Amino acid sequence: MEHYQKSLAQRDPEQYEGIANVLGNIASAQFHQGNTAEAEKSWREALRLFEQIGNLTGVAWIRGDLACFYLETSRPAEALAEAERSVAIARPCGQVDLLSGALTAAGSAHLAL
């Protein structure tokens, strides 16, 4: 986590894509450390930045991560919504790995509802 924080501190504040990438990685680390509130906050900030610059691959990635996060935190309706958004973006972008992950999350969310 310390290395992610250092990386974030070194970035130019105008490098939204780089900041969003680091925030997505920080969110994953926060989640695995059990800090779910901070993880969700970091994912939401990464999503905001990716949307702001129009990086659809980044948007699909973060929405897929949020879908998995919501599944793990017993929020299947929110998981399904994020997974479906990720699928809608990943499919036309040709992002097969992101699409596969989002479809899997959507299926898991349906089962959990």
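Residues numbered from 1 in each chain as written. Predicted model: local features only at pLDDT ≥ 70, side-chain atom pairs only at ≥ 80, totals over all residues. Heavy atoms only, no water.

Undergrad: Help me out: how do you make sense of the side chain of E82 in this one?
TA: Here E82 is to be found in helix 5 (residues 76-93). Classification of E82 as buried rests on a relative accessible area of 3%. The contacts of E82, once residues within four sequence positions are left out, are R44, R63, L66, A67 and Y70. (Helix = DSSP H or I, 4+ residues; strand = E, 2+ residues; numbered from the N terminus. Buried < 20%, exposed > 50% of the residue type's maximum accessible area, 1.4 Å probe, protein only. Contact = heavy atoms within 4.5 Å.)

Undergrad: Can you walk me through the packing of helix 2 (residues 16-32) against helix 3 (residues 36-53) in this structure?
TA: Axis separation between helix 2 and helix 3 bottoms out at 8 Å; the angle between their running directions is 160 degrees. Taken together, the axes of helix 2 and helix 3 are roughly antiparallel relative to one another. For helix 2 against helix 3, the interelement crossing comes out left-handed. On helix 3, the residues that touch Y16, E17, I19, A20, N21, L23, G24, I26, A27, S28, Q30 and F31 of helix 2 are T36, E38, A39, S42, W43, E45, A46, L49, F50, Q52 and I53. Along the lines of polarity and charge, the residues of the contact of helix 2 with helix 3 split into 13 nonpolar, seven polar and three charged. (Axes fitted to C-alpha atoms, helices over the stretch in contact; angles between N-to-C directions. Parallel < 35°, antiparallel > 145°, perpendicular 65-115°, else oblique. Left-handed = near helix turned anticlockwise from the far one by under 90°. Nonpolar A, V, L, I, M, F, W, Y, C, P; charged D, E, K, R; others polar.)

Undergrad: Before we go on, may I ask you to explain the packing of helix 3 against helix 4 (residues 56-72) in this structure?
TA: Any two packed helices are characterised by the angle at which their axes cross and by the distance between the axes. Viewed as axis vectors pointing N to C, helix 3 and helix 4 meet at an angle of 160 degrees, and their least axial separation amounts to 9 Å. One finds that helix 3 runs roughly antiparallel with respect to helix 4. The handedness of the crossing between helix 3 and helix 4 comes out as left-handed. Contacts from T36, E40, W43, R44, A46, L47, F50 and E51 of helix 3 reach helix 4 at G58, V59, W61, I62, R63, D65, L66, F69 and Y70.

Undergrad: What am I meant to see in the side chain of D65 here?
TA: In this structure, D65 sits in helix 4. Among residues more than four places away in sequence, those in contact with D65 are S28 and W43.

Undergrad: What is the right way to look at the nonpolar core in this model?
TA: Nonpolar side chains tend toward joint burial in soluble globular proteins. Among the nonpolar cores identified, the biggest contains 29 residues, and W43, I62, L66 and F69 are the most heavily contacted of them. Elements with a minimum of two residues in this core: helix 2, helix 3, helix 4, helix 5 and helix 6 (96-112). Here this core takes seven residues from helix 4, the largest share from any one element. F69 has contacts with F31, T36, E40, W43 and R75, leaving out every residue within four places of it along the chain. (Core = buried A, V, L, I, M, F, W, Y, C linked by side-chain atoms within 4.5 Å.)

Undergrad: Would you take a moment to explain unusual backbone geometry for this structure?
TA: Excluding glycine, a negative phi dihedral is what most residues carry, and trans is how most peptide bonds are arranged. For S74, which is not glycine, the phi dihedral falls at a positive 60 degrees. On the secondary structure map, S74 appears in the loop between helix 4 and helix 5.

Undergrad: When you look at the pattern of salt bridges in this model, what are you seeing that I'm missing?
TA: Any two side chains of opposite charge can pair if their charged atoms end up close together. Inspection of every chain in the model, using the stated rule, returns seven salt bridges. A salt bridge links E40 to R75; the nearest nitrogen and oxygen atoms lie 3.1 Å apart. You can see E40 sitting in helix 3 and its partner R75 sitting in the loop between helix 4 and helix 5, a full 35 residues away along the chain. In this structure, the salt-bridge partner of E45 is R48, at a minimum N-O distance of 2.6 Å. Pair noted here: E45 and R48 are both in helix 3, with a separation of three residues, about one helical turn. (Salt bridge = Lys/Arg side-chain N within 4 Å of Asp/Glu carboxyl O.)

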